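Structure assessment
Each chain, letter by letter, is given below.
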Amino acid sequence: MKVRRAAVETPAVRWTLTAIGVGFLIFFLGLPLIAVFVEAFRSGWAPYWEALQEKDTLHAVGLTVLVAVIVLPFNIAFGVAAAWAIAKFEFWGKSLLTTLIDLPFAVSPVVAGLLFILIFGANGWMGPWLQSHDIKIIFALPGMIIATLFITFPYIARELIPLMQAQGREEEEAAVSLGATGFQMFWRVTLPNIKWGLLYGVILANARAMGEFGAVSVVSGHIRGETNTLPLHVEILYNEYNSVGAFAAASVLALLALVTLIAKTIVEWRMAKETEMLNAALPTEKTAS
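Residues numbered from 1 in each chain as written. Predicted model: local features only at pLDDT ≥ 70, side-chain atom pairs only at ≥ 80, totals over all residues. Heavy atoms only, no water.

Brief notes about the overall build of the protein
We apply this condition: To qualify as a helix, a DSSP run of H or I must reach at least 4 residues; to qualify as a strand, a run of E must reach at least 2; elements of each kind are numbered from the N terminus. Every radius of gyration here is taken over C-alpha atoms, with the globule rule written as 2.2 Å times N^0.38, N being the number of residues.
Looking only at helices and strands, the protein has 14 helices and zero strands in total. Traced from its N-terminal end to its C-terminal end, the protein shows the element sequence α-α-α-α-α-α-α-α-α-α-α-α-α-α. Over its C-alpha trace the protein gives a radius of gyration of 24 Å, far above what one expects of a compact globule, namely 19 Å for 289 residues. Overall size of the protein, expressed as C-alpha extent along the three principal axes, is 75 × 60 × 35 Å.

Structure (C-alpha cells):
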C-alpha cells in the first residue's frame, strides 16, 4: 500500500503557489515602490533634491521623526509592563486588559481621531477647561502624539506577550529565591530573554508611527509648516498637482520602509539564530526502546 504524506505536494503545486505568491508581491508591493522612485526622479536629480530642500518638506520630516521619538519610550514602557503583567501573573481583569490592547486594531484610525476631538476639542468634554488654562491639544503637537500613541501602543505588547508566556516564570522565580530585587530580576533575567522580541516590536511600532495618516490627519488640522507630518504633506502636495514634490516626499517614506524591512529581517535572523543556539545547547533526551 502506497502511503502519501499530507505535507508533501507535487512540484507543479509548489511552483504554482510560489508563482502566485511572488506575483502578488511584485504587483502589489514591488511595482508601486518602483513607481514612487520613477515619478520622483522623472524630472531629474535637481528638481528632486530641490523638492526635498523645500522648507515645509523639511519641517514635515522633522515633525514625523519628533512624534516617533516622543511616542517610542511610552510604547516601550507600556508594552513591557503589559506583557510582563499578562504573561507572568494571574489577576482579575487580565482578559479585559488583553482585549483593550487589541482595541486599536479594531477601531478605524479616523474614528479614533474623531474620538480625541470629542474629548479634547473646543466643544468637547474637556474643551472649556483646556481653553481656560490655555492648553492646546487638538490641532497641535500634543494631539498628534496622543493619536499616534493610541495607534501604535499594541505592537510591542503583542510581540512580547507570546514570547514571555513561552519562556515561563521559572528563571524569574529562581532569581527572586536567590535574593534578587525586582529591578535586578528584570535587568539581568527578563530583559536579556526578551531583547530581540522587544527590538522587533520597537521596529514595527516606529514604522507605524512614522507612516500613520488617518488619526493624525483628523487631529492635526493640516496646518502647513506646523502640524503636517510627512504622510499628510504628501497628500497636500499631490492635491496641489505638485507631482515631483509629492513623490519626492513619498520616496523618503519608501526609504524609511525599506530601512525598517531590512532591520526587521536582521532582527528575525538574530532571533532565529539565538533560538537555534539555545536548542543546540539543550541536552538531548534518550528514550529507551
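Observations regarding helix α2 (residues 45-52)
Threshold: Relative accessibility under 20% of the residue-type maximum defines a buried residue, over 50% an exposed one, and the middle range a partly exposed one, all with a 1.4 Å probe and only protein chains included. Relevant arc is that of directions from the helix axis to the C-beta atoms, nothing else.
Those residues of α2 that sit buried are Tyr48, Ala51 and Leu52. Relative to the axis of α2, the buried residues are bounded by an arc of 100° and lie together on one face. Looking at α2, the residues exposed on the side facing more than 90 degrees away from the buried face are Ala46 and Glu50.

Considering the packing of aromatic side chains
Each aromatic ring pair is described using two quantities: the centre-to-centre distance and the angle formed by the ring planes. Heads up, the condition is: Pairing of aromatic rings covers Phe, Tyr and Trp, the last counted by its six-membered ring, and requires centre-to-centre distances within 6.5 Å; plane angles under 30 degrees mean stacked, over 60 mean edge-to-face, and any other angle means tilted.
In the structure shown here, the tally under the stated rule is 14 aromatic pairs. Each ring, one from Phe78 and one from Phe153, has its centre 5.0 Å from the other, and the planes form 90°; the classification is edge-to-face. With Phe78 in helix α3 (residues 55-88) and Phe153 in the loop between α8 (141-152) and α9 (154-167), this residue pair connects regions lying 75 residues apart in the sequence. Residue classification places Phe153 among the buried residues on the basis of a relative accessible area of 17%.

Topic: the pattern of salt bridges
Think of it this way: side chains of opposite charge can pair up when their charged atoms draw near. As a reminder of what qualifies: By salt bridge we mean one thing: a side-chain nitrogen of Lys or Arg within 4 Å of a carboxyl oxygen of Asp or Glu.
Using the criterion set out here, one finds eight salt bridges in the structure. Here Asp56 makes a salt bridge to Arg224, at a shortest N to O gap of 3.2 Å. Of the two residues, Asp56 sits in helix α3 while Arg224 sits in the loop between α12 (214-220) and α13 (230-239), which places them 168 residues apart along the sequence. Asp56 gets classed as buried once you look at its relative accessible area, which sits at 19%. Classification of Arg224 as partly exposed rests on a relative accessible area of 35%. For Lys94, the salt bridge identified is with Glu90, shortest N-O distance 3.1 Å. Connected through salt bridges with shared partners, the residues Asp56, Arg224 and Glu240 form a single ionic network.

Overview of unusual backbone geometry
Even without a glycine there, the phi angle at Asp134 is positive, about 55°. Relative to the helices and strands, Asp134 resides in the loop between α7 (127-132) and α8. Using a relative accessible area of 72% as the deciding quantity, one classes Asp134 as exposed. Here His222, not a glycine, exhibits a phi torsion of approximately 55°, which is positive.

Here we look at the side chain of Asn75
Heads up, the condition is: Every residue pair with non-hydrogen atoms within 4.5 Å of one another is taken to be in contact.
Along the polypeptide, Asn75 turns up in helix α3. Ignoring anything within four residues of it in the chain, the contact list for Asn75 reads Leu149, Thr152, Phe153, Ile156 and Ala205.

Topic: helix α11 (residues 182-211)
What counts here: Each residue after the first adds 1.5 Å to the expected span of a helix. Note on bend: the value at a residue is the angle between axes fitted to the seven residues ending there and to the seven starting there.
Across its 30 residues, α11 extends only 36 Å between first and last C-alpha, which sits more than 12% below the 44 Å expected from 1.5 Å per residue. Taken as a whole, α11 carries its principal kink of about 60° at Lys195.

Some words on the nonpolar core
Threshold: By convention a nonpolar core is built from buried Ala, Val, Leu, Ile, Met, Phe, Trp, Tyr and Cys residues, the set being connected through side-chain atoms within 4.5 Å.
Membership of the largest hydrophobic core comes to 22 residues, with the highest contact counts inside it found for Ile101, Ile156, Leu160, Met164 and Leu198. Elements supplying a minimum of two residues to this core: α3, α9 and α11. Setting aside chain neighbours within four positions, we find Met164 in contact with Ala83, Trp84, Ala87, Lys88, Thr190 and Ile194. Listed in part, the 19 residues of the second largest apolar core include Val67, Phe120, Ile151 and Leu232.

Looking at the environment of Ile117
In this fold, Ile117 is placed in helix α6 (residues 109-120). Looking at Ile117, the relative accessible area reads 28%, which means it is partly exposed. Remark: the alpha-carbon pair of Ile117 and Gly127, spanning ten residues in sequence, is separated by 9.0 Å. Beyond its immediate chain neighbours, meaning those up to four positions away, Ile117 contacts Gly124, Ile138, Val218 and Val219.

So, a nonpolar patch on the surface
Selection rule: Like charges within 9 Å and nonpolar side chains (Val, Leu, Ile, Met, Phe, Trp, Tyr) within 5 Å are joined into patches, using only residues over 30% in relative accessible area that form no salt bridge. Per-residue and other accessible areas follow the Shrake-Rupley method at a 1.4 Å probe size, with only the shown protein chains counted as cover for residues.
The grouping of Val22, Phe24, Leu25, Ile26, Phe27, Phe28, Leu29, Leu31, Ile34 and Val38 at the surface amounts to a nonpolar patch, some 990 Å² of accessible area in total. The exposure class assigned to Ile34 is exposed, which follows from its relative accessible area of 51%.

Thoughts on the packing of α3 against helix α4 (residues 94-101)
This is how it is decided: Between N-to-C directions, angles cover 0 to 180 degrees, with each direction set by a line fitted to C-alpha atoms, over the stretch in contact for helices. In a left-handed crossing the near helix is turned counterclockwise from the far helix by less than a right angle, and in a right-handed crossing that turn is clockwise. In this count, Pro and Cys sit with the nonpolar residues alongside Ala, Val, Leu, Ile, Met, Phe, Trp and Tyr, while Asp, Glu, Lys and Arg are called charged and the others, Gly among them, polar.
Interhelical geometry of α3 versus α4 gives an angle of 145° and a closest axis separation of 10 Å. Where α3 crosses over α4, the two elements pack in a sense that is left-handed. Only Lys94, Leu97, Thr98 and Ile101 of α4 make contact with α3, whose side of the interface consists of Phe78, Ala82 and Ile86. Looking at the contact of α3 with α4 residue by residue, the class counts come to five nonpolar, one polar and one charged.

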